[in-house]
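Residue-level structure breakdown
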Amino acid sequence: MHKNLNTSFSIGVELPLDNDWTREGQTKRLLQNKPLGVPDMTEHKERIMLADELGFKAAWIRDVPLYDPNFGDAAQVFEAFSYLGYLSACTNNILLATAAIVLPLREPWLVKKAAATINELSNNRLILGVASGDRPSEYPVFDVDFNNRSEVFRNSLDILRDTNNAKLKNGLQLIPEFKDIPIYAAGLAQQSPEWIGENLDGWLAYPGTPQNHEYRVKLWRQVAGDKPYVSFIHLDLVDDPDAPIIRHHFGVQTGVKGLITELESMKNVGVNHIGLQFRRNQQPIENALKTIANEVLPHFQ
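Throughout, residues of each chain are indexed from 1 in the direction in which the sequence is written. Where totals are concerned, whole chains, interfaces and linings use all residues; where local detail is concerned, this predicted model gives features only for residues with pLDDT of at least 70, and gives and counts side-chain atom pairs only at 80 or more. Processing note: side-chain calculations cover all non-hydrogen atoms of the structure and skip hydrogens and water entirely.

Counting its secondary structure elements, the protein contains 10 helices and 11 strands. Here the globule rule reads 2.2 Å times residues to the power 0.38, and the radius of gyration is calculated from C-alpha atoms. Scaling as 2.2 N^0.38, a compact globule of 301 residues should have a C-alpha radius of gyration of about 19 Å, and the protein matches this with 19 Å. Across its three principal axes, the protein shows a C-alpha extent of roughly 65 × 45 × 35 Å. Only protein chains enter the calculation, and the probe is 1.4 Å; a residue is then buried if its accessible area is under 20% of its type maximum, exposed if over 50%, and partly exposed in between. Counting all 301 residues of the protein, 53% fall into the buried class. Note on definitions: a residue-residue contact is assigned when non-hydrogen atoms from the two residues lie within 4.5 Å. Expressed as a percentage of contacts within the protein between residues at least 6 apart in sequence, the contacts between residues at least 24 apart total 73%. Shrake-Rupley sampling with a 1.4 Å probe provides the accessible areas, and residues are treated as covered by the protein chains on show and by no other component. Carbon and sulfur atoms form 50% of the exposed surface of the protein, whose accessible area is close to 13,700 Å². Two residue types count as positive, namely Lys and Arg, and two as negative, namely Asp and Glu; His and chain ends fall outside the count. We put the charge of a Lys on NZ, of an Arg on CZ, of an Asp on CG and of a Glu on CD. Treating the 30 positive side-chain charges of the protein as one cloud and the 37 negative ones as another, the clouds have centres 2 Å apart. We count a stretch as a helix when DSSP gives it H or I for four or more residues in a row; a strand needs E for two or more, and each element gets its number in order from the N terminus.

Next up, the structure:
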């Protein structure tokens with residue numbers, strides 16, 4: 001049986017598990033002569049294993065095929081499916097999820113085979129988040145029309161969703177079998193909410209306040225029923241447990257009590273899962289993971 005997100009509430013992490021967006025992280029990056037948005041991955045194995053051991057529900061990775069200095073973010077650096085294969089061997093329980101594979105820039109049959117491979121190697125722990133992409137500079141390299149990406153996305157999704165692989169002829173088969181892998185959409189992928197709700201198994205919504213999500217969740221429930229609604233928080237967890245919630249772009253700076261309050265608010269408006277991103281986190285990643293596992297996860301999972 002596939003291990004999927006449930007429709008109550010859970011907490012995961014968004015990779016990379018680095019704090020390269022802090023002042024200390026920027027200083028280290030400059031000393032290492034790395035471009036803006038390229039994290040330090042030297043501790044990535046130990047940190048994802050720690051997140052797994054501590055009971056975080058899912059690990060989310062982004063798909064950034066090519067680094068664009070104008071966007072200034074390389075995400076977790078490694079190619080998404082290759083990295084998931086590595087992570088499947090390093091972890092035991094945490095769900096492995098993409099947020100999200102840019103379908104128009106990838107050959108859909110190879111996406112389907114890669115996803116099926118990761119799912120089997122990880123003992124059914126893959127969640128396949130997919131997107132139409134938003135970086136125009138990448139598309140000419142792949143000989144794809146940026147303005148046509150909505151149609152390419154739909155065609156690729158047709159191949160992923162077809163359990164019979166009807167387009168394969170002459171006895172061709174796809175091994176391993178792509179079976180029961182949940183597919184989530186990041187944003188609307190240039191489609192209508194109704195189409196996304198009907199054709200996808202969950203929704204990856206852009207970060208926002210609980211008030212932002214209240215409106216979006218209502219829309220999602222109208223078009224998709226009780227399918228999982230997922231979003232993310234860029235977190236700066238400070239040592240003072242009573243520190244108030246201070247909002248910044250896509251997230252909050254706060255203490256443990258404020259984080260619990262924020263997550264309770266997310267749960268109350270109908271969010272099913274929050275992935276925590278730590279690139280703004282000023283204290284060591286290991287400390288933040290352990291604090292959240294000890295003092296926050298028991299409230300929700």
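On to the pairing of strand β5 (residues 126-131), then. Across the 6 residues of β5, 6 count as buried, placing the element largely inside the fold. A two-sided burial pattern is seen for β5, the buried positions comprising Leu126, Leu128 and Val130 on one face and Ile127, Gly129 and Ala131 on the other. By this definition, two strands are paired if DSSP reports at least two bridges between them. Two strands pair when backbone bridges link them, and strand β3 (residues 95-98) and β5 are joined in this way by 2 bridges, in the parallel orientation. Residue Ala97 lies in a different strand from β5, and its bridge partner there is Ile127. Sheet analysis places strand β4 (residues 101-102) next to β5, joined by 2 bridges and oriented parallel. The residue of β5 that forms the bridge with Val102 is Ala131. Note on the crossover from β4 through helix α4 (residues 108-121) to β5: the handedness is right-handed. Classification remark: right-handed applies to a crossover when, strands pointing away from the viewer, the course from the first strand over the helix to the second runs clockwise. Crossover handedness for the path β5 to helix α5 (residues 149-161) to strand β6 (residues 183-186): right-handed.

With that out of the way, let us pick up the packing of aromatic side chains. Note on ring pairs: Phe, Tyr and Trp rings are taken, using the six-membered ring of Trp, and paired if centres are within 6.5 Å. Classes follow the plane angle, with under 30 degrees stacked, over 60 edge-to-face and the rest tilted. All told, the structure shown has 7 aromatic pairs when counted by the stated rule. Summarising the aromatic geometry, the rings of Trp60 and Phe232 are spaced 5.6 Å apart at their centres and angled 90° between planes, so their arrangement reads as edge-to-face. With Trp60 in strand β2 (residues 58-61) and Phe232 in strand β8 (residues 229-237), the pair connects residues that are 172 residues apart, well separated along the chain. Note on accessibility: Trp60 and Phe232 belong to one class, buried. With a centroid separation of 5.6 Å and an interplanar angle of 80°, the aromatic rings of Trp203 and Tyr229 are classed as edge-to-face. Taken together, the positions of Trp203 in strand β7 (residues 202-204) and Tyr229 in strand β8 put the pair 26 residues apart, joining distant regions of the chain. Accessibility expressed as a relative area gives 0% for Tyr229, which makes it buried. Among the aromatic residues, ring-to-ring pairing joins Trp203, Trp220 and Tyr229 into one connected group.

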